[in-house]
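# Per-entry structural report
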Amino acid sequence: MILVNIFSSRRTFIFTSFKENMIGIRRFIQPLLGFHTSAVQCAEPMKKKKKMDPSIIRHREQRKMKRIERSIRKLERVERPLKPLDETQIPLSLKYEIPIRQRQLQPISQDIELSQRELLVAWSHHKQKEAERDLACIRKLLDAQGKALKELKLESEELYIEATQLDLSLLPYKAVGPTRTPQIKGYDPPDGDYIDVSRKWE
Amino acid sequence: ETEIKLANNTNKKIRGMALPRTCINLSRLTSTSDKICMRLSSFASTQTAKEKWDLLSAVCLERKPVIARNLLPIEKEVLSMAQKMEYRLSLKSDHEIQLEKDRERQERIKQGDADDSDMDQASLNSAQDFEDASVEELSKFPFADRITEADKEKDQKSLDRMLDRHLLLVVRQKLGTSSVWILPQGQRQEGETMRQAAERVLAESFDGKVQSRFLGNAPCGFYKYKYPKHIREQDGNSIGAKVFFFKAHVTSDSPLKKGSCIEDFAWLGRDELDSYLPEKYRKSVTEFLIDED
C-alpha cells in the first residue's frame, strides 16, 4: 500500500515490497497527486513597479504642500463669523484656572451670620405680605370686572356677547418695564444706535 | 318686588336656554300684552320695559409708571447683604486678576527685582487706570432726573409728573346742571358696542388723536346713578345711567389738548383723587384701579 502525503512539498513516500512495480506508477502519479488548484482570483498578477526618480517625487510632494498651505492662508484671511451667543460655551481653560481665581476670605463672624439670618426672616415676612396684597388687588380687580359684566348682561345680551369677545390685537402684548431713570429727551448716543442684525431661525 | 325677584331667578334659567319655562313662570304675573312684549324683545333682557337706564361708556385712561420706585429700607438692607454674599461666593474676574498682577509687578519694581518683561508691561495702561476712567465716565454721565420740572411745578396737565406712579385722566364735564370731575364718559349710540363708545368718547374729549391702547372688549368696572326726580318723572326719560368703565393705557407722552365736550382735564395720582372725584364715584373707581402703597 502506498501512503502518500500529498500535502508536503517534499514528497515522502512509504511503500512496501511492491517497490519496483510502483516506481513506474510513481513517476506517473506524482504530478497528479501533487496537483491542486487555488481559489478563483479574478485578478491579474501584480505589475512590476517602476522605480520613480526621487527628485520628481520630492517635487510632487512640495507642490501638494504648497497647495494645502495656500488654501489654509485663504481661509485664515477671511473674517471668521462670530458664534451666536446661544452657542457659546464656557472656555475649558477656566476649569484649570479655578484655584487661581478662588478668593481667600476670612470666614463670616457669628454676629454677622446671625444678623443675616434675622434679616432673611424679616424679608420673607415682607415678601409674603407683598404677595398677599398683590393677590388681594387682583381678586378685587376681577370682582369689579365680574360685577360689570353681570350688569351688562342684565342690560343687553348682545352687548354682553360683544364684550366677551377675544381681542386678538392685544396678543402678543409687549411692555417695556420701568427703568431706574427716565429717558433723556433727544439723546444722541456717541457710539450710534444699536441695530440687531443677528439671524433668527424660527 | 315679587316681579323683580322672579326676574332674578329666571336670569339663571336663561343661562341654560330655558326660555319656555321662564315664560310660564312670569305668565302668572304679567298680562298678555307684556307677554307679547317679552317674546318680541331680545333673548335675555329680563328687565322688562319698566326700568329704562341709559347705557354710558367711560374711559379709565392711565399713564403707567415710567421709572421704578425708590427702595424701601428693608429692600436696601437685603440688597447690600445679597451683594456681599454674591461677592463671597464668586470667583475673580479677568480684571481682578490683572489688578493683582499689576500690584505684584509694582511691588517687584519697588523692591528692585523687576525684569525686562515687567518694565515693558508697566508702560502699558494698567487695569487700575481703566477702572478709574470707567468710574469717572459713569459719574460724569448726565442721567435724566427722577423728579422732573413738572413735579416741581405741580403741573397737573403734564404727563411728566410722578414718573414712578400711575396717572389717571380725570375731566370736568357738565352733567345736567352741574360740572363734576369724573372719568370721561358719554352715552352709547345705536349700533355701537360699549368699547367703541368708550373709544369715541375719548376721541371727542380731546383735539387730535390720543395715542392709547384699550385693554380688551370687556368693561373693568361699573357705576350707576339715578337722575334727579324731576327728570325721572318725565315720560320717555330713563331713571338713571349705568356707566361701564374701560381700561386703556396712554402710549405717547405728547400733551393733550382739550376738546369741546369737556371743560377741563387733569392727570392725577392716586392720593389726589379724593379732592376731585365725588365720594361714591371714587369708591367705585378705586375698585378697578391697581393699588399703590
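Residues numbered from 1 in each chain as written. Chains lettered and ligands numbered in written order. Predicted model: local features only at pLDDT ≥ 70, side-chain atom pairs only at ≥ 80, totals over all residues. Heavy atoms only, no water.

- For chain B, an unreviewed UniProt entry supplies the name Large ribosomal subunit protein mL46 and the organism Artemia franciscana.
- UniProt's Sequence similarities (unreviewed entry) comment on chain B is quoted here verbatim: "Belongs to the mitochondrion-specific ribosomal protein mL46 family."
- Note on chain B: under the UniProt heading Subcellular location (unreviewed entry), the record states "Mitochondrion". (UniProt positions renumbered as here; feature names shortened; annotations may be inferred.)

### What about the interface of chain B and chain A?
- Listed per partner, the contact involves 66 residues of chain B and 51 residues of chain A.
- Around 5000 Å² of area is buried between chain B and chain A when both sides are counted, 58% of it from carbon and sulfur atoms.
- Joining chain B to chain A, the criterion identifies 7 salt bridges.
- At the boundary of chain B with chain A, the tally comes to 22 residue pairs in polar contact (both at pLDDT 80 or more).
- Each residue belonging to the side of chain B that touches chain A can be placed in one class, and the counts come to 32 nonpolar, 13 polar and 21 charged. (Contact = heavy atoms within 4.5 Å. Buried area = accessible area lost by both parts, 1.4 Å probe. Salt bridge = Lys/Arg side-chain N within 4 Å of Asp/Glu carboxyl O. Polar contact = N/O pair within 3.5 Å; in protein donor to acceptor, adjacent residues only side chain to side chain. Nonpolar A, V, L, I, M, F, W, Y, C, P; charged D, E, K, R; others polar.)

### Structural notes on the packing of aromatic side chains
All names here are of chain B.
- Going through the model one piece at a time under the given rule, you end up with 10 aromatic pairs over all chains.
- Ring geometry for Phe 222 against Phe 244: centres 5.3 Å apart, planes inclined by 50°, an arrangement best described as tilted. Of the two residues, Phe 222 is situated in strand S7 (residues 221-226) and Phe 244 in strand S8 (residues 240-250); the sequence distance between them amounts to 22 residues.
- In this structure Phe 222 comes out as buried when scored by relative accessible area, which is 16%.
- Classification of Phe 244 as buried rests on a relative accessible area of 0%. (Phe/Tyr/Trp six-rings, centres within 6.5 Å; stacked < 30°, edge-to-face > 60°. Helix = DSSP H or I, 4+ residues; strand = E, 2+ residues; numbered from the N terminus. Buried < 20%, exposed > 50% of the residue type's maximum accessible area, 1.4 Å probe, protein only.)

### Focus on the pattern of salt bridges
All names here are of chain B.
- Tallied over the full model, the rule gives 27 salt bridges over all chains.
- The salt bridge involving Glu 204 is made with Arg 200; its shortest N-O contact spans 3.4 Å. With Glu 204 and Arg 200 both in helix H9 (residues 194-205), this residue pair falls 4 residues apart, about one helical turn.
- With relative accessibility at 37%, the residue Glu 204 sits in the partly exposed group.
- By relative accessible area, Arg 200 is classed as buried at 16%.

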